[in-house]
Protein chains: 2
Amino acid sequence: MSNAYNRPDQLSSSLRERILETARSLGYAGPDPVARSLATRSSAAVGFMLPQGLSGAFSDPALSIVLDGLASTVDGHDHSLVLMPGDSTGGPRPSIVSRAQADVMVAYSLPDSAPALDAVAARGLPLVVIDQPVLPGSARVEVQDHLGASLAASFLLELGHSSFGILTFSLHPDGVSGPVSHERRSAVPFRVSRDRLGGYLDTLAKGGVQPDNVPVWEARGSDRELGRLGARWLLTRTPRPSALLCASDQLAFGALQAARDLALTVPRDVSVVGFDDVPEATYSDPPLTTVRQPLAEKGRRAGELALKLLAGGRPPRPTRLDVSLVQRASTAPRT
Amino acid sequence: MSNAYNRPDQLSSSLRERILETARSLGYAGPDPVARSLATRSSAAVGFMLPQGLSGAFSDPALSIVLDGLASTVDGHDHSLVLMPGDSTGGPRPSIVSRAQADVMVAYSLPDSAPALDAVAARGLPLVVIDQPVLPGSARVEVQDHLGASLAASFLLELGHSSFGILTFSLHPDGVSGPVSHERRSAVPFRVSRDRLGGYLDTLAKGGVQPDNVPVWEARGSDRELGRLGARWLLTRTPRPSALLCASDQLAFGALQAARDLALTVPRDVSVVGFDDVPEATYSDPPLTTVRQPLAEKGRRAGELALKLLAGGRPPRPTRLDVSLVQRASTAPRT
DNA sequence: TTGTACGCGTTATCAT
DNA sequence: ATGATAACGCGTACAA
C-alpha cells in the first residue's frame, strides 16, 4: 500500500521498510503520476497557452522573461508547466487544450476570439489571462499600455518632434503586414495593440499632430526582421519622420537596423522609442529609449493568481502594472 | 459511451447525435485527459529537463532556440511539452521527475551525476539527452565541441596571437566562479565544458602555447554579466591576453562589455571569439566571430528521437552535429 | 449496430 | 497500526 510513500508517519517504520524493500525488488518505481492524478483530481500542473508556435515564442525576450517569472512561482509550489503552442489561429488548437493535463490555464496575449479560450471554458478550468483578452470570470494581469504609449509620445513631442511614424505589431489576427489603412485602425481585437496605438495617436493629437498624417505600419509579428521591413517603409515616406514610435523593443531594434541600412544616424537623423525594456535595450547600438514594463513581475503575478485560483479563490479585480519611460541614447531633440 | 468522440464511424450518426446532445445538456466537456491517459498508458507529452531554474533558462538564447526546434517537432505530432526546471543540483529534483506526466524525457545539458537521471531510469522512461551526459541506453544528440573549440583556437593562432585567455562556463557543478586551478581542469564532469576547454588548450599547445601559461576563468553560468566579470579578470593579467576564447556567445558578449569598461577596443586591442552563433552575434558591437552550432537542428533532432523512442524504437548511435567557424568583426590579426 | 463489464494504478474511506 | 475496497473516468474487448 502506497501509504508508505505518501504518509511515512502513519505506519511503523518496520512495515514501511518491508514494503519499500519488496517494491524495489519488484522493480516498482513509485506511484504512477497519472493514476494519482485521476484519484486526486489534480495534475499539479499549470498550462500556458501561447499565441504562436513555440517557435516564435522563445525568440521573444519579453515572453521569455514573463515565462520565467511564472515558472519560478509555479515551481516553488511543486507544480509543473505545460506549454501549449499556438498556430495561425492566434492560440493553441482547441484539441490541444482539451487534452492538456493541467488544472489551471494561463493565456498569454491571445486574440479576443481565440478558440482555445472556449475550450478552457468548456472544461471549466480556472483561467488567468495575461495582457489580453478581457474575459469575464477570469483573473487578469495587465499593464498600463495606453499610459506607456502616451509617455513615449509625450516625450518625443517635448523634444520638439512633429513628424512621426508608428511601427506596431498585429492589429488584426490575419497575419497581414503593411501600411495601416484608416478603417483597419478601428475595431482592433487585440487590446494591447489597440491601447498602444491609441496611446500614441491620442497623445500626438493632443500635441497638435493629426493622426491622419501619421503613417502606421503593422508588422504581423514582433520580431526584429519585421521591424526592419516596416521601418524601412516609414523612413522612406515624405516627409521623412524624425521620430519612430515602436510597439515593442524587438520592432525598435529592427528600426535601428533599418536606419543603418538607409545610412541614417540614430538619434541625429531619427529618434526611436521602443516598448518593454528587455535587457538588450541596454546593449543595443545606440541603447534604446523605451517604455519599461515589469515583465518578470507580470509572470510572477500570473503564477500567483493561478495558484490562488487552484486553491479555490475567486478571481480578484485586475490591477494594471506600472510603466515608466527609460531614457537612453536613441532619442534626441529635433534638430 | 465515448465511442462517440473517438470513433465517429463506428456508430450511427443518429445515435452519435443523441449522445453528443445529452452530453452537452449535461455539461460534459469531452473525455477527461487524465483518465484517458490512465487507460491508454500514454500522456502524449514529452518532458524537458533543464539544468537550471526556468529563470536562467529562458535568458539563454541558445537554449531557447533548441527548445524551439524541439517544440515544433513535438507539437506537429500532437504532443505537449512539460518543462521541468532544475535547481542548484544541476537538474530537476527527482520528485519532480517522478511525478511528471510525460512518457519520454529529454535531458538538456545535465551534469553527469544529476539525480534527475536516476529518477528517469527508475521510472523506466525512454530518455533523449542533449549534449551531456553520455548515458548507456539513451538516445543522444551532441555537437562536435572539441572540434569547434579547435577551429576557434587555430584561427586565432593563424592571426598571429600568442597570448590568450579562456572564459568557460561551469567545469564542476558546485556553483563556483573564479580562476581555474590546475587540478580543477581535470576530471571535469561536464562533457561540453571538458571538450571545449580541451579543444582550446590542445590546439594552443600544438601551436606552441603552454597550457599552463593560459589563464582560465570559470563562470558559474553562461550569462553576460558573469562573462563580463571573468573577462575583466582575464584582461587585467600581465601580460594582457591579445585574444579571448569564450565557451559561449553570452560569455563573449560579456567580454565585449568588459573590454569597453577597460577602454580597450575590440578587435584592435583584443580579439574575442564566442561559441554557439546565436542571432545576436550578428548584431553585437562589433559583430562576433564565433563557432556556429546548428541549434534549431539540435532541438528538432531531439524531438524526432523522442518520438521514435516513444514508438518503441531503439536508441540509434549518436551522431555529432557539425560546427563551423563564422568570421565577423571581433577578431583581427595581432598588431 | 449497440450495450456491458473489466482493467488501468492510484487515493481515500472504512472496518478491523 | 494495518488491511480491504470503492471510487476516479476512460478505452476496449466482447457479448448481444
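- In the nomenclature of an unreviewed UniProt entry, chain A is known as LacI family DNA-binding transcriptional regulator of Lentzea roselyniae.

## With respect to the relation of the copies chain A and chain B
Then comes step 1: Screw-axis analysis of chain A against chain B gives a translation of 0.0 Å along the axis, an RMSD of 0.1 Å, and a rotation angle of 180 degrees. The relationship between the two copies is best expressed as a two-fold rotation axis. Scanning chain A for the C-alpha nearest the rotation axis identifies valine 82 of chain A, at a separation of 2.3 Å.
Then comes step 2: Taken as a fraction of all interface residues of chain A, those also at the interface in chain B reach 100%, which identifies the copy contact as same-surface.

## Observations regarding the interface of chain A and chain B
Then comes step 1: Each partner contributes residues to the interface: chain A has 36 residues there, and chain B has 36 residues.
Then comes step 2: When chain A packs against chain B, close to 3400 Å² is buried across both sides, 59% of that on carbon and sulfur atoms.
Then comes step 3: Applying the counting rule to chain A against chain B returns two salt bridges.
Then comes step 4: Aspartate 78 of chain B serves as the salt-bridge partner of arginine 93 of chain A, at 3.0 Å between the closest nitrogen and oxygen.

## Let's talk about the environment of histidine 172 of chain A
Residue and element names in this part refer to chain A.
Then comes step 1: Following the sequence through the fold, histidine 172 ends up in the loop between β6 (164–168) and β7 (178–179).
Then comes step 2: For histidine 172, a relative accessible area of 15% corresponds to the buried category.
Then comes step 3: Separated by 107 residues in the primary sequence, histidine 172 and proline 279 have C-alpha atoms spaced 28 Å apart.
Then comes step 4: Discounting residues that sit within four places of it in the chain, histidine 172 has contacts with Arg184, Ser186, Ala187, Val188, Pro189, Phe190 and Glu218.

## A closer look at the packing of aromatic side chains
Aromatic rings considered in pairs are described by the distance between their centres and by the relative angle of their planes.
Then comes step 1: Under the defined criterion, the tally for this structure stands at four aromatic pairs over all chains.
Then comes step 2: Geometrically, the ring pair formed by tryptophan 217 of chain A and tryptophan 233 of chain A is tilted, given 5.5 Å between the ring centres and 45 degrees between the ring planes. Taken as a pair, tryptophan 217 of chain A in strand β8 (residues 216–218) and tryptophan 233 of chain A in helix α10 (residues 224–234) lie far apart in primary sequence, 16 residues in all.
Then comes step 3: Here tryptophan 217 of chain A falls in the buried class, since its relative accessible area comes to 11%.
Then comes step 4: Seen from the ring of tyrosine 283 of chain B, arginine 224 of chain A lies directly overhead, with NZ or CZ sitting 3.5 Å from the centre.

## So, the packing of helix α8 (residues 145–158) of chain A against helix α9 (residues 191–206) of chain A
Residues and elements named next belong to chain A.
Then comes step 1: Close contact between α8 and α9 brings their axes to 7 Å; oriented N to C, the two are set at 30 degrees. The angle between α8 and α9 falls in the class roughly parallel. The interaxial crossing formed by α8 with α9 has right-handed handedness. Here Asp145, His146, Ala149, Ser150, Ala152, Ala153, Ser154 and Leu157 of α8 lie close against α9, whose contacting residues are Arg191, Val192, Asp195, Arg196, Gly198, Gly199, Tyr200, Asp202, Thr203 and Leu204.
Then comes step 2: Residue classes in the contact of α8 with α9 are distributed as seven nonpolar, six polar and five charged.

## Considerations on the pairing of strand β2 (residues 80–84) of chain B
Then comes step 1: Most of β2 of chain B is tucked away: five of the five residues are buried.
Then comes step 2: Across the two faces of β2 of chain B the burial is the same, with Ser80, Val82 and Met84 of chain B and Leu81 and Leu83 of chain B all buried.
Then comes step 3: Both strand β2 (residues 80–84) of chain A and β2 of chain B contribute to a ladder of three bridges, which runs antiparallel. Residue pairing across strands places valine 82 of chain A opposite valine 82 of chain B, the latter belonging to β2 of chain B.
Then comes step 4: One ladder, built from five bridges, connects strand β1 (residues 45–49) of chain B with β2 of chain B; its direction is parallel. Bridge pairing in β2 of chain B places alanine 45 of chain B opposite serine 80 of chain B.

## Re the environment of glycine 208 of chain B
Residue and element names in this part refer to chain B.
Then comes step 1: By the secondary structure assignment, glycine 208 is in the loop between α9 (191–206) and β8 (216–218).
Then comes step 2: Assessed through its relative accessible area of 57%, glycine 208 is described here as exposed.
Then comes step 3: Separated by eleven residues in sequence, glycine 208 and leucine 197 place their C-alpha atoms 17 Å apart.

## Focus: a nonpolar patch on the surface
Residue and element names in this part refer to chain A.
Then comes step 1: Together, Tyr5, Leu26 and Tyr28 give the surface a local cluster of nonpolar side chains, amounting to about 320 Å² of exposed area.
Then comes step 2: Note on placement: tyrosine 5 falls in helix α1 (residues 3–6).
Then comes step 3: A residue is classified by how much of its surface remains accessible, and tyrosine 5, at 32% relative accessible area, is partly exposed.

## Observations concerning the sheet that holds β7 of chain A
Residue and element names in this part refer to chain A.
Then comes step 1: Within the open sheet, the seven strands sit side by side as β7-β8-β6-β9-β10-β11-β13. Their pairing is mixed. Pairing within the sheet leaves two strands with one partner each, and these edge strands are β7 and β13 (324–326).
Then comes step 2: Sheet analysis places β7 next to β8, joined by two bridges and oriented antiparallel. Each bridged residue has a counterpart across the sheet, and for glycine 178 the counterpart in β8 is glutamate 218.

## Some words on the nonpolar core
Then comes step 1: Core analysis: the biggest nonpolar cluster contains 154 residues, and Phe48 and Leu245 of chain A together with Phe48 and Leu245 of chain B have the highest contact counts within it.
Then comes step 2: Those residues in contact with phenylalanine 48 of chain A, other than ones at most four positions away along the chain, are Leu63, Leu67, Leu70, Leu81, Val82, Leu83, Met84, Val106, Tyr108 and Ile130 of chain A.
Then comes step 3: One finds Val97 of chain A together with Ala45, Ala116 and Ala119 of chain B within the second-largest nonpolar core, a separate group that totals 38 residues.

## Quick word on the sheet that holds strand β12 (residues 319–321) of chain B
Then comes step 1: Strand order in the open sheet formed by twelve strands is β12(A)-β5(A)-β4(A)-β3(A)-β1(A)-β2(A)-β2(B)-β1(B)-β3(B)-β4(B)-β5(B)-β12(B), and the pairing between neighbours is mixed. Two strands bound the open sheet, and with one partner strand each, they are β12 (319–321) of chain A together with β12 of chain B. Each adjacent strand pair in this sheet contributes to an overall mean axis angle of 25 degrees, direction not counted.
Then comes step 2: Pairing geometry for β1 of chain B and strand β3 (residues 104–108) of chain B, over four bridges, is parallel. Directly across from phenylalanine 48 of chain B, in β3 of chain B, lies its bridge partner valine 106 of chain B.
Then comes step 3: Each of β1 (45–49), β2, β3 (104–108) and β4 (127–130) of chain A is contacted by helix α5 (residues 61–76) of chain A, which is oriented at about 150 degrees to β2 of chain A, the strand it contacts most.

## Considering α10 of chain A
Then comes step 1: Every buried residue of α10 of chain A is listed here: Arg224, Leu226, Gly227, Gly230, Ala231 and Leu234 of chain A. For α10 of chain A, the angular spread of buried residues about the axis comes to 155 degrees, placing them on one side.
Then comes step 2: The elements touched by buried residues of α10 of chain A are β6, β8, β9 (243–246), α11 (249–261) and α12 (280–283) of chain A together with α12 (280–283) of chain B.
Then comes step 3: Two or three places before glutamate 225 of chain A, at the opening of α10 of chain A, aspartate 223 of chain A has a side-chain oxygen 2.9 Å from that residue's backbone nitrogen.

## A closer look at the pairing of β3 of chain B
All names here are of chain B.
Then comes step 1: Of all five residues in β3, five are buried, a share of seventy percent or more.
Then comes step 2: Where β3 and strand β4 (residues 127–130) come together, four bridges link them in parallel fashion. Looking at β4, one finds that alanine 107 is bridged to valine 129.
Then comes step 3: Note on the crossover from β3 through helix α7 (residues 115–123) to β4: the handedness is right-handed.

What counts and how
- Every chain is numbered independently, its residues counted from 1 as its sequence is written.
- To read the labels, note that chains go from A and ligands from 1, taken in the order they are written.
- Thresholds applied to this predicted model are a pLDDT of at least 70 for local features of residues and 80 or more for the giving and counting of side-chain atom pairs; totals over whole chains, interfaces and linings are not thresholded and use all residues.
- Only hydrogens and water are set aside; all other atoms, that is, all heavy atoms of the structure, feed into the side-chain values.
- The fit set for superposing copies consists of C-alpha atoms from residues with pLDDT of at least 70 in both; the fit itself is least squares.
- Residues are treated as being in contact if the distance between any of their heavy atoms lies within 4.5 Å.
- Buried area adds together the accessible area that both of two parts lose upon being put together, with accessible area traced by a 1.4 Å probe.
- By definition here, a salt bridge exists when the distance from a side-chain nitrogen of Lys or Arg to a carboxyl oxygen of Asp or Glu is within 4 Å.
- Helical segments are the DSSP runs of H or I of at least four residues, strand segments are the runs of E of at least two, and each set is numbered from the N terminus.
- Each residue's exposure class comes from its accessible area (1.4 Å probe, protein chains only) as a fraction of the maximum for that residue type: buried when under 20%, exposed when over 50%, partly exposed otherwise.
- Only Phe, Tyr and Trp rings are paired, with Trp represented by its six-membered ring, and only when their centres lie within 6.5 Å; those with planes under 30 degrees apart are stacked, over 60 edge-to-face, the remainder tilted.
- Comment: the charge-over-ring label is applied if NZ (Lys) or CZ (Arg) is within 6 Å of the ring centre and within 35 degrees of the ring normal.
- Lines fitted to the C-alpha atoms define the axes, with helices restricted to the stretch that makes contact. Angles between their N-to-C directions range from 0 to 180 degrees.
- For classification purposes, an angle smaller than 35 degrees is called roughly parallel, one larger than 145 roughly antiparallel, one from 65 to 115 roughly perpendicular, and anything else oblique.
- Left-handed describes a crossing whose near helix is turned anticlockwise from the far helix through less than a right angle; right-handed describes the clockwise counterpart.
- Classification convention: Asp, Glu, Lys, Arg as charged; Ala, Val, Leu, Ile, Met, Phe, Trp, Tyr, Cys, Pro as nonpolar; all other residues, Gly among them, as polar.
- Any two strands are treated as partners once DSSP identifies two or more bridges connecting them.
- In this scheme, patches are assembled from residues that exceed 30% relative accessible area and form no salt bridge. Like charges are connected within 9 Å, while nonpolar side chains (Val, Leu, Ile, Met, Phe, Trp, Tyr) are connected within 5 Å.
- All accessibility values rest on the Shrake-Rupley procedure with a 1.4 Å probe; residue burial counts only the protein chains present in the view.
- Grouping buried Ala, Val, Leu, Ile, Met, Phe, Trp, Tyr and Cys residues that are joined through side-chain atoms within 4.5 Å yields what is termed a nonpolar core.
- Think of the arc as the fan of directions from the helix axis to the C-beta atoms.
- Any pair of N or O atoms that falls within 3.5 Å is considered a polar contact. Within protein, one atom must be able to donate a hydrogen and the other to accept it, and sequence-neighbouring residues count only if both atoms are side-chain atoms.
- Handedness of a crossover is defined as follows: orient the strands so they point away from the viewer, and if the path from the first strand over the helix to the second runs clockwise, the crossover is right-handed.

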